[in-house]
Amino acid sequence: MSHLRRPAPKELQPTSFAFTPENLEKAKKIIAKYPEGRQQSAVMPLLDLAQRQTEGNWVPTVAMDYIADMLEMPAIRVYEVATFYTMYNLAPVGKNFIQVCTTTPCWLRGSADIVDTCKKELGIGIGETTEDGQFTMIEVECLGACVNAPMMQINDDYYEDLTPETTKAILDSLKKGEMPKAGPQSGRKGCEPMGGPKVLKAFCGCGAAPQGADASEGDA
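Bear in mind that the values here come from a model prediction, so they are computed numbers and not experimental data.

(A) Spotlight on the packing of aromatic side chains. In total, this model carries four aromatic pairs according to the counting rule given. Taking the centre distance of 5.5 Å and the plane angle of 75° together, the rings of Phe 17 and Phe 19 count as edge-to-face. Owing to a relative accessible area of 15%, Phe 17 belongs among the buried residues under this scheme. On the accessibility criterion, Phe 19 (7% relative accessible area) is buried. The structure contains a cluster of three or more aromatic residues connected by ring pairs, namely Phe 17, Phe 19 and Tyr 66.

Here's what the structure looks like:
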């Protein structure tokens, strides 16, 4: 189990937490989206809001307690949510939180090379953070972008169709404080076929042959 799935030790836990005035207004708007008596359903977006506010991009125990009080629910119910969903970090992570998918489709497409490249370029292993606090790397299960494997998530962005070379380029950009372009690194758009369309190239989406096309092509 990743150390991020276990609450940080007591010496790292802050003694107090409160939403900033700006985030408090966001929290009130989030809670207002739910019907009367169902405000506890806001626990997940409020945990995300707390994580984004906290330095180190994590949810300390005191923040869970704060949210429990805000939603008038037992603290243990908030703990259950925060410890179940991997989107919540229970310990601090680096500024650039790298999650490399190593599930079967990505593994078959070379995710092991992507992990090795990250280790080499950052000088850390799985579950570790660089000394300057800029990068944390973990391996994760499927992130739902199998058709663009191998891929990794860095903070909120997906980087897909990776090679060791493009992975290095992404990390180099982040080291410089730049924001590399997210999405496929192969040049393709979204999850379209590599090399462009493969079928129905002579016809439009409605099924009718474009002007000048031989209608007999549709019978091939």
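(B) The arrangement of the UniProt feature "binding site: [2Fe-2S] cluster" (unreviewed entry) in the protein in detail. On the UniProt side, "binding site: [2Fe-2S] cluster" (unreviewed entry) is annotated at positions that read Cys 101, Cys 106, Cys 142 and Cys 146 here. These residues run over 46 residues, yet every pair of their C-alpha atoms falls within 9.4 Å of each other. Along the polypeptide, Cys 106 turns up in helix H5 (residues 104-108). Judged by relative accessible area, Cys 106 falls into the buried class, the value being 3%. Not counting residues within four places of it along the chain, the set of residues in contact with Cys 106 comprises Cys 101, Ser 111, Ala 149, Pro 150 and Met 151. Mapped onto the elements, Cys 142 comes out in the loop between strand S3 (135-140) and strand S4 (152-154). Cys 142 gets classed as partly exposed once you look at its relative accessible area, which sits at 42%. With near-sequence residues (within four places) excluded, Cys 142 lies in contact with Cys 101 and Thr 103.

(C) Structural context of the pattern of salt bridges. Summed over all chains, the structure comprises seven salt bridges. Residues Lys 26 and Glu 22 are paired through a salt bridge, measuring 3.9 Å at the closest nitrogen-oxygen approach. With Lys 26 and Glu 22 both in helix H1 (residues 21-32), this residue pair falls four residues apart, about one helical turn. For Lys 26, a relative accessible area of 40% corresponds to the partly exposed category. Given the relative accessible area of 56%, Glu 22 is considered exposed.

Parameters at a glance
- Residues numbered from 1 in each chain as written.
- Predicted model: local features only at pLDDT ≥ 70, side-chain atom pairs only at ≥ 80, totals over all residues.
- Heavy atoms only, no water.
- Phe/Tyr/Trp six-rings, centres within 6.5 Å; stacked < 30°, edge-to-face > 60°.
- Buried < 20%, exposed > 50% of the residue type's maximum accessible area, 1.4 Å probe, protein only.
- UniProt positions renumbered as here; feature names shortened; annotations may be inferred.
- Helix = DSSP H or I, 4+ residues; strand = E, 2+ residues; numbered from the N terminus.
- Contact = heavy atoms within 4.5 Å.
- Salt bridge = Lys/Arg side-chain N within 4 Å of Asp/Glu carboxyl O.

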